[in-house]
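Structural overview for review
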Amino acid sequence: ACDVTDRDALADTLATIPAQHPLTAVVHTAGVLDDGLISALTPERLSAVLRPKVDAAWNLHELTRDKELTAFVLFSSIAAVVGGPGQANYAAANQFLDALAQHRRAHGLPATSVAWGLWEQEGGMSGHLSETDLKRIARGGFRPVPQEQGPALLDAALATRRAAVVATPVDVTALREQPDRIPAILSTLAGAPARRAAVVDPGAGSLAETLAGLGEDEQERVVLDAVLGRIAEVLGHRDTSGIRPDRQLTELGFDSLTSVELRNRLGALTRGRLPATVVFDHPTPAALAARVRLEVLGARAAPGVEQSVDFAADARLPDDIRPADRAAPPDTAPRHVLLTGATGFLGAFLLRDLMRDTTATVHCLVRGEDHDAALARLRANMEWYGVWEAVDEDRLAIELGDLAEERLGLSEERFDELAHTVDVVYHNGARVHWLQPYPALRAANVGGTHEVLRLAARHRTVPVHYVSTVGVFNGAREQGVPLKVTDPTGPAEALPSGYLQSKWVAERSIEEARERGLPVSVYRVDVISGDTQNGACQTRDFVWLSLKGILQSGAVPAAVGGRFHLLPVDYVSGAILGISRRPDTVGRTFHLFNPSSLGLAQCVRRLRELGYELAELDWDEWSERVRSDRDNALQPLLHAFEMMTSDTDAFYPPIDTSETDAALAGTGLVCPPLTDELFARYVEFFVRAGHFPPAPAPARAA
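These numbers come from a predicted model, not from an experiment. (Residues numbered from 1 in each chain as written. Predicted model: local features only at pLDDT ≥ 70, side-chain atom pairs only at ≥ 80, totals over all residues. Heavy atoms only, no water.)

**Digging into the overall build of the chain**
Helix and strand counts for the chain come out as 28 helices and 19 strands. Scored against the burial criterion, the 702 residues of the chain give a buried share of 47%. In the chain, once contacts between residues fewer than 6 apart in sequence are set aside, the share between residues at least 24 apart is 77%. Element-wise, carbon and sulfur atoms account for 51% of the exposed surface of the chain, whose accessible area totals about 32600 Å². (Helix = DSSP H or I, 4+ residues; strand = E, 2+ residues; numbered from the N terminus. Buried < 20%, exposed > 50% of the residue type's maximum accessible area, 1.4 Å probe, protein only. Contact = heavy atoms within 4.5 Å. Areas by Shrake-Rupley, 256 points an atom, 1.4 Å probe, with all protein chains shown as cover.)

**Topic: the sheet that holds strand S12 (residues 520-525)**
Strands belonging to one sheet form pairs held by backbone hydrogen bonds; the direction of such a pair is parallel or antiparallel. Taken in spatial order, the 7 strands make up an open sheet running S8-S7-S6-S9-S11-S12-S17, and their pairing is parallel. Here the strands that pair on one side only, and so sit at the sheet edges, are strand S8 (396-400) and strand S17 (589-592). Across the sheet, the mean angle from the axis of one strand to that of its neighbour is 20°, orientation sign disregarded. Strand direction decides the pairing type here: strand S6 (residues 336-340) and strand S9 (residues 424-427), joined by 4 bridges, are parallel. Paired with Leu338 across the strands is Val425, a residue of S9. Each of strand S11 (464-469), S12 and S17 touches helix H20 (residues 498-515); the most contacted strand, S11, lies at about 150° to it. (Pairing = 2+ DSSP bridges. Axes fitted to C-alpha atoms, helices over the stretch in contact; angles between N-to-C directions.)

**A closer look at the pairing of S6**
The side chains of a regular strand alternate, first on one face of the sheet and then on the other. Of all 5 residues that make up S6, 4 are buried, and the element is covered over most of its length. Where S6 and strand S7 (residues 361-366) come together, 5 bridges link them in parallel fashion. Paired with Thr340 across the two strands is Leu365, which belongs to S7. For the crossover from S6 across helix H16 (residues 345-357) to S7, the handedness is right-handed. (Right-handed = clockwise from strand over helix to strand, strands pointing away.)

**Brief notes about the packing of helix H1 (residues 7-15) against helix H2 (residues 43-64)**
When two helices pack together, their arrangement is given by the angle between the helix axes and by the axis-to-axis distance. At a closest axis distance of 10 Å, the pairing of H1 and H2 adopts a crossing angle of 45°. One finds that H1 runs oblique with respect to H2. In the packing of H1 onto H2, the handedness of the crossing is right-handed. Along the contact surface, H1 presents Arg7, Leu10, Ala11 and Leu14, while H2 presents Asn59, Leu60, Glu62, Leu63 and Thr64. Partitioning the contact of H1 with H2 into residue classes produces 5 nonpolar, 2 polar and 2 charged. (Parallel < 35°, antiparallel > 145°, perpendicular 65-115°, else oblique. Left-handed = near helix turned anticlockwise from the far one by under 90°. Nonpolar A, V, L, I, M, F, W, Y, C, P; charged D, E, K, R; others polar.)

**Let's talk about the nonpolar core**
Grouped together as the largest cluster of nonpolar side chains are 83 residues, with contacts concentrated most on Leu351 and Trp544. The biggest single contributor to this core is H16, with 8 residues. Among all residues touching Leu351, those that are not within four sequence positions of it are Leu339, Val362, Cys364, Leu378, Met382, Val391 and Leu396. Core analysis: the second largest hydrophobic core is formed by 28 residues, Tyr466, Ala506, Ile510 and Ala513 among them. (Core = buried A, V, L, I, M, F, W, Y, C linked by side-chain atoms within 4.5 Å.)

**Thoughts on helix H17 (residues 371-384)**
The end-to-end C-alpha distance of H17 is 20 Å, a good match for the 20 Å that 14 residues give at a rise of 1.5 Å each. Where H17 is buried, its residues meet H16, S7 and S8. Its side-chain oxygen placed 3.2 Å from the backbone nitrogen of Asp372, Asp370 serves as the N-cap of H17. (Expected span 1.5 Å × (residues − 1). Polar contact = N/O pair within 3.5 Å; in protein donor to acceptor, adjacent residues only side chain to side chain.)

**Re the sheet that holds strand S3 (residues 112-116)**
The 4 strands are arranged S1-S2-S3-S4 in an open sheet whose pairing can be described as parallel. Each edge of the open sheet carries a strand with a single partner, namely strand S1 (25-28) and strand S4 (164-167). Neighbour-to-neighbour, the strand axes of the sheet open up by a mean angle of 20°, direction not taken into account. Judged from the 4 bridges that link them, S1 and strand S2 (residues 71-77) form a sheet pairing that is parallel. Its bridge partner being in S2, Val27 is matched across the sheet by Val73. In the packing of H2 onto the sheet, contacts are made with S1 and S2, and the angle to S1 comes to roughly 175°.

**Topic: a negative patch on the surface**
On the surface, Asp3, Asp6, Asp8 and Asp12 cluster together into a patch of negative charge. Of note, Asp3 is situated in the segment before H1. Asp3 sits in the partly exposed class, given a relative accessible area of 44%. (Patch = residues over 30% accessible without salt bridge, like charges linked within 9 Å, V, L, I, M, F, W, Y side chains within 5 Å. Salt bridge = Lys/Arg side-chain N within 4 Å of Asp/Glu carboxyl O. Lys, Arg positive; Asp, Glu negative; His and termini not counted. Charge placed at Lys NZ, Arg CZ, Asp CG, Glu CD.)

**So, the packing of aromatic side chains**
Each aromatic ring pair is summarised here by two numbers: the centre-to-centre distance and the angle between the ring planes. Applying the stated criterion to the full structure yields 17 aromatic pairs. Their ring planes at 50° and their centres at 5.3 Å tell us that Trp619 and Trp622 sit as a pair that is tilted. In this pair, Trp619 and Trp622 both sit in helix H24 (residues 619-627), 3 residues apart, roughly one turn of the helix. Ring pairing ties together the aromatic residues Phe345, Phe349, Trp384, Tyr385, Trp544, Phe679, Tyr682, Phe685, Phe686 and Phe692, which thus form one cluster. The ring of Phe72 is capped by Arg104, whose NZ or CZ atom sits 3.8 Å from the centre of that ring. (Phe/Tyr/Trp six-rings, centres within 6.5 Å; stacked < 30°, edge-to-face > 60°. Lys NZ or Arg CZ within 6 Å of the ring centre and 35° of its normal.)

**Regarding the pattern of salt bridges**
Tallied over the entire structure, the rule returns 31 salt bridges. We note a salt bridge from Asp353 to Arg352, for which the minimum N-O separation is 3.0 Å. Here Asp353 matches Arg352 in class, with each residue buried. Shared partners join several salt bridges into a network, and the residues in it are Glu406, Arg407, Glu412, Asp416 and Arg458.

**A short note on the packing of helix H19 (residues 438-457) against H20**
Direction vectors running N to C along H19 and H20 enclose 25°, while the axes themselves pass 9 Å from each other. With respect to each other, H19 and H20 are oriented roughly parallel. Considering how the two elements wind past one another, H19 and H20 form a crossing that is right-handed. Here H19 contributes Tyr438, Leu441, Asn445, Val446, Thr449, His450 and Leu453 to the contact with H20, which in turn contributes Gly498, Tyr499, Gln501, Ser502, Val505, Ala506, Ser509, Ile510 and Ala513. Tallied by class, the residues present in the contact of H19 with H20 amount to 9 nonpolar, 7 polar and no charged.

**Some points on the confidence of the model for the chain**
Detailed reading of predicted coordinates is not advised where the pLDDT is low. With 86% of its residues at a pLDDT of at least 70, the chain reaches an overall mean of 84. Taken as a whole, residues 299-307 scores under 50 in pLDDT and shows 10 contacts with residues more than four places along the chain or in a different chain. (pLDDT = per-residue confidence, 0-100.)

**Some thoughts on helix H23 (residues 600-609)**
Residues spaced three or four apart along an α-helix point in a common direction, a consequence of the helix completing one turn every 3.6 residues. Taken together, the buried positions of H23 are occupied by Leu600, Cys603, Val604, Arg606 and Leu607. The arc that holds the buried residues of H23, viewed along the axis, is 165°, so those residues lie on one side. Along H23, the residues that are exposed and aim more than 90 degrees away from the buried face are Ala601 and Glu609. Taken together, the buried residues of H23 touch helix H21 (542-553), strand S14 (555-557), strand S15 (563-564), strand S18 (598-599), helix H25 (638-646) and helix H28 (676-688). Backbone geometry just downstream of H23 places Gly611 in the positive-phi region, at approximately 110°. (Arc of directions from axis to C-beta.)

**Digging into unusual backbone geometry**
With the exception of glycine, most residues fall at negative phi, and the peptide bonds are largely trans. Residue Pro491 is bonded to the preceding Gly490 through a cis peptide linkage, with omega at 5°. Tracing the sequence through the fold places Pro491 in the loop between S11 and H20. Positive phi values are uncommon outside glycine, yet Arg407 reaches one of about 55°. You can see Arg407 is positioned in the loop between S8 and helix H18 (412-421). Residues other than glycine seldom take positive phi values, yet Leu408 does so here, at roughly 60°. Along the chain, Leu408 turns up in the loop between S8 and H18.

So, in structure tokens, the structure goes:
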């Protein structure tokens, strides 16, 4: 026996477990209640509740994470999910347990956090509750857990193989009897309508007619009401009373996926195809309503409505960015490297390879409140992808800054000092957002590139290696002919997203820098997939979101084509660093593209071989199944998925890699094919990370 919050005492206790009977599971059930209003919570009262949950669980995690555990079970509380009157401290403590379980799962460790409801028992943690308290809880829709059902619920929770689950009986009828008090997270379970009540909300077939008979002021009011209603629906609000027309939609809680859902609902209202960026182009409900009104009335070209962008002006390089009188020696191993974007996917592997292949100090530009926060952000990203162990912290320098700010967010003194000492720059950083308009990304992606070039040219002209994308091409020039590095890109106006427009503008600035004599190399990269060794991959990529959506639907559309060209991230990082070290490659452009492809049918076959059950449906039935599931990862991407599967060459045009192949000749570095083994490794990583559901266990013979 020991106090689990005492790390040393716990370590001593664990050390007494005999090797012939090793520890194989941890079940942490401890908890303390001390309810009270937030204003009444003293540090002592907080500590009394947090320590048995937070400190104890963390000690158990750290001291057992190297052991071969089959289970790590944490007893959480539904208070962490829906809250509880006077239980701010208890809710926070249990929310930590839920987060810890997610953290362990993300790192391939077993963990299940079970958020229990009230148990049906006398005494214990609920012994202080009166009959009135119990009736109040019952009216809220939560029935107590019968003691005889508790073990079965625990077994069921563990069988889900999810990081966090809720185990409590719910009285749906009781929930529906108080619709104004249903927690948002339970609204779908209760079947509670999220539509705004008592609002003039014309249907898709009547809005145009309704507006035609109204004056301008009344038109604006009706459309604003309709837009606010759609916003409330998407966010799950009971009504629109808390939605101010002048508030930023991002502040209301909109992200990429919910923005697409809102766009789809507004498209149904207007009977038109609104652009995917409409929510970010018009960032408040009022601005969005004005856009919808113009769409309905056919006045899209009204002067002054859309913000005009002068891409050519933005591409012009500031006049002061010119080569310095002296240049860094080309054949000298770098002592100081500046790396941007190290908190991203490719950036993590670039940092790993710079640590492995050079002896340089690597200066990483990272956003954060302070140095410690920035370092923690960088480390968390590296740990997620399983590459932190390669980092020599004595050679890691955190530069607290921001690509979107002048001088990269650095002080004048620090910017100047780096300009004196840095020998090479790898500019991988960018603000990546597929739905935000170009003006929202310009500062980081264009202005940040200008600042990087300014630093590289200030005192010594040093090489800059810029990571771009093959998306700067507006499709294939000639059917079946791969795009060469010399083929024209853009124009920006024809590119489908603000992000791609910002990369195109940055490349135009780099062309001007090259003309002035700055040694800038460009690496246009196609779709990046996971590491070939540990399978680590980003989860927000279109390819893996598509496959996740297919798994969530439990089906695949019949007779649908489409293919993916995937570049393993370790190959991309190795190729960029390998090419950059050759003096004869400075100032050139290279394409990174995998000529071999993976067909959607192959993906489905491999998923089935891994145990996933996928029915085959016609397109309409399958797409309706996806649309009806609000949580399906493919729901906001269905249009893009349909484009990719119907015309892959337009979606992923072939890219010529002859320049890259020649530069890497003799290095032994080649783009690997996506084998069955590698595909399985990716799927295994996604399951560990909780991105893919695990394959159903095979049925046992009777």
